[in-house]
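Remarks on the overall topology
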Amino acid sequence: MTKVKRGSIFAEYPDVVNIEQMCSMLGGIGKKTAYDLLRNGNIRHIKLGKSFKIPKICVIEYLIGDTQKVSP
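This text gives an overview of the structure that appears in the document. (Residues numbered from 1 in each chain as written. Predicted model: local features only at pLDDT ≥ 70, side-chain atom pairs only at ≥ 80, totals over all residues. Heavy atoms only, no water.)

1. Examining the sheet that holds strand S1 (residues 16-17)
Taken in spatial order, the three strands make up an open sheet running S1-S3-S2, and their pairing is antiparallel. Pairing within the sheet leaves two strands with one partner each, and these edge strands are S1 and strand S2 (46-48). Helix H3 (residues 56-64) rests against S1 and strand S3 (51-55) of the sheet, and its axis sits at about 65° to S3. (Pairing = 2+ DSSP bridges. Helix = DSSP H or I, 4+ residues; strand = E, 2+ residues; numbered from the N terminus. Contact = heavy atoms within 4.5 Å. Axes fitted to C-alpha atoms, helices over the stretch in contact; angles between N-to-C directions.)

2. Comments concerning the pairing of S3
Here S3 shows a buried face lined by Phe52 and Ile54 and an unburied face lined by Ser51, Lys53 and Pro55. Relative to S3, S1 is paired through two bridges, and the arrangement is antiparallel. Note that in S3 the partner of Val16 across the bridge is Pro55. Bridge count between S2 and S3: three bridges; the pairing is antiparallel. Across the sheet, Leu48 pairs through a bridge with Ser51, a residue of S3. Connecting S2 to the antiparallel partner S3 that follows it, the hairpin turn spans two residues, and Gly49 within it adopts a positive phi of roughly 65°. (Buried < 20%, exposed > 50% of the residue type's maximum accessible area, 1.4 Å probe, protein only.)

Written as structure tokens, this is what we have:
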């Protein structure tokens, strides 16, 4: 697997992103697709009330295929 310098990719984003930021990080996907990725356990996240908080590293892991599917 290719090594990615995890500190350099998406440096302009905070360590924990929201849905809109995640959509942007994933190339401008729609919110419905983003919510599906979270609900299906493809991207690890934390749900606080109605808000989803997604660690930036989890989005990066999803992109490089370095993630295990987790159940919600």
